[in-house]
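Structural overview for review
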Number of protein chains: 2
Amino acid sequence: MLGIDPGSVRTGWGVVERDGQRQRGIAAGVIRVKETAPLAERLEAIHRGVCAVLAEHKPDAVAIEEVFFARFAQAALVLGHARGVALLAAAQAGLSVSTYPPSVVKRAVVGSGRAEKTQVALLVGTLLGMRELPGVDATDALAIAITHLNVSRLGV
Amino acid sequence: MLGIDPGSVRTGWGVVERDGQRQRGIAAGVIRVKETAPLAERLEAIHRGVCAVLAEHKPDAVAIEEVFFARFAQAALVLGHARGVALLAAAQAGLSVSTYPPSVVKRAVVGSGRAEKTQVALLVGTLLGMRELPGVDATDALAIAITHLNVSRLGV
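Residues numbered from 1 in each chain as written. Chains lettered and ligands numbered in written order. Predicted model: local features only at pLDDT ≥ 70, side-chain atom pairs only at ≥ 80, totals over all residues. Heavy atoms only, no water.

1. Let's talk about the interface of chain A and chain B
Taken together, the contacts link 26 residues of chain A with 25 residues of chain B. Ranking the residues of chain A by area buried against chain B places Ala73, Leu77 and Leu88 of chain A at the top, with a combined share of 25%. For the pair chain A and chain B, the interface holds zero salt bridges. Viewed at the interface, chain B and chain A are joined by six residue pairs in polar contact (both at pLDDT 80 or more). (Contact = heavy atoms within 4.5 Å. Buried area = accessible area lost by both parts, 1.4 Å probe. Salt bridge = Lys/Arg side-chain N within 4 Å of Asp/Glu carboxyl O. Polar contact = N/O pair within 3.5 Å; in protein donor to acceptor, adjacent residues only side chain to side chain.)

The structure is reproduced here in structure tokens:
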């Protein structure tokens, strides 16, 4: 199970596996692209990065956060570009993509839809038995992967 | 020269070549994707469509409209996905991508930055010697290609 937290500069990813009743963190990281590079080149780097993760970890499914923006349309547009190439990479690998709203991710990890980011990060590490977490973007990606495994286990 | 007008359902494209002092419309079309398909599949279809156009027409550069949204962040996000995979296809083909604001495109084609869409469409057909234009999305894509050729000729 691969969770992705796309961004135009940092795209977090995290691989989580079911291990009996528990979940295990397999690997996580951040695809960083040069902020100063032209957008098309940055998108190519993100796409290449996600494809490399898919090739190395061969997940059976992909999950990504749903995005709701009330404001900041320009930020939404830029994020859409990064999210688009990440989704493309999943589709090209023949994988189904699930999306979850941020509140569902927080509830799945912490138990409350209004949890703080730091709480989420702490519990992701504990749940997955990972001592070192490679930054907040990767933690968010792992949280999405955990959510998918929980939701699909419950058959919700 | 390939102009692209990306959208989540219809992505217009148009190939324009310089022909001495004039410009000539080579081909134009619209990549249509099923509105009901999952987003990742739609993005794959758009990416595949743009790659096919690049492979068939081998343009030397790509131009695409700049997008400014004051409102409608959700629309901006969805458009960003489509625009992202179109830009990715250009980058994967090793092509440079130029972007132009809508007002510059209108001025390049009609002579006024406030021209109506119908005026743009009419003049695109006349300028390129194309009698039949395959819909408004393709016309917009041709207009962007015309803009790029004009701007690069003037060395602006």
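On we go from here.
2. Some points on helix H1 (residues 39–57) of chain A
Residue and element names in this part refer to chain A. The end-to-end C-alpha distance of H1, which contains 19 residues, comes to 27 Å, matching closely the 27 Å that a straight helix rising 1.5 Å per residue would cover. Those residues of H1 that sit buried are Ala40, Arg42, Leu43, Ile46, His47, Gly49, Val50, Val53 and Leu54. Two residues or fewer after H1 comes Lys58, characterised by a positive phi angle close to 40°. (Helix = DSSP H or I, 4+ residues; strand = E, 2+ residues; numbered from the N terminus. Expected span 1.5 Å × (residues − 1). Buried < 20%, exposed > 50% of the residue type's maximum accessible area, 1.4 Å probe, protein only.)

3. As for the environment of Ala73 of chain A
All names here are of chain A. Inspection of the secondary structure puts Ala73 in helix H2 (residues 73–92). The exposure class of Ala73 is buried, given its relative accessible area of 6%. Distance in space between the C-alpha atoms of Ala73 and Val62 is 26 Å, their sequence separation being 11 residues.

4. A closer look at the pairing of strand S1 (residues 2–5) of chain B
All names here are of chain B. Every second residue of S1 is oriented toward a common face, with Leu2 and Ile4 on one face and Gly3 and Asp5 on the other, all of them buried. With four bridges connecting them, S1 and strand S2 (residues 10–19) associate as antiparallel partners. Following the sheet pairing, Gly3 is matched in S2 by Gly14. The antiparallel pairing of S1 with S2 creates a hairpin that spans four residues between the two strands. (Pairing = 2+ DSSP bridges.)

5. Considering the pairing of strand S4 (residues 62–65) of chain B
All names here are of chain B. Relative to S4, S1 is paired through three bridges, and the arrangement is parallel. Of the residues in S4, the one forming a bridge with Gly3 is Ala63. Sheet analysis places S4 next to strand S5 (residues 97–100), joined by four bridges and oriented parallel. In the sheet register, Val62 faces S5, and the bridge partner there is Val97.

6. Some details on the packing of H1 of chain A against helix H2 (residues 73–92) of chain B
Look at H1 of chain A against H2 of chain B: their axes get within 8 Å of each other, and the N-to-C directions meet at 90°. Between H1 of chain A and H2 of chain B, the angle falls in the class roughly perpendicular. Residue-level contacts link Leu39, Ala40, Glu41, Leu43, Glu44 and His47 of chain A of H1 of chain A to Arg83, Gly84, Leu87, Leu88, Ala91 and Gln92 of chain B of H2 of chain B. A per-class count over the contact of H1 of chain A with H2 of chain B returns six nonpolar, three polar and three charged. (Axes fitted to C-alpha atoms, helices over the stretch in contact; angles between N-to-C directions. Parallel < 35°, antiparallel > 145°, perpendicular 65-115°, else oblique. Nonpolar A, V, L, I, M, F, W, Y, C, P; charged D, E, K, R; others polar.)

7. Brief notes about the sheet that holds S4 of chain B
All names here are of chain B. Taking strand neighbours across the sheet as the criterion, the five strands line up as S3-S2-S1-S4-S5 in an open arrangement whose pairing is mixed. Bordering the open sheet on either side are strand S3 (22–32) and S5, each of which pairs with just one other strand. In this sheet, neighbouring strand axes are inclined to one another by 25° on average, regardless of whether the strands run parallel or antiparallel. In the packing of helix H1 (residues 39–57) onto the sheet, contacts are made with S1, S2, S3 and S4, and the angle to S3 comes to roughly 150°.

8. Observations concerning the relation of the copies chain A and chain B
Overlaying chain A on chain B yields an RMSD of 0.0 Å, the required transformation being a rotation through 180° with an accompanying axial translation of 0.0 Å. Taken together, these values place the two copies in the relation of a two-fold axis. Most of the interface of chain A is mirrored in chain B: 96% of its interface residues are interface residues there too. (Least-squares fit on C-alpha atoms with pLDDT ≥ 70 in both.)

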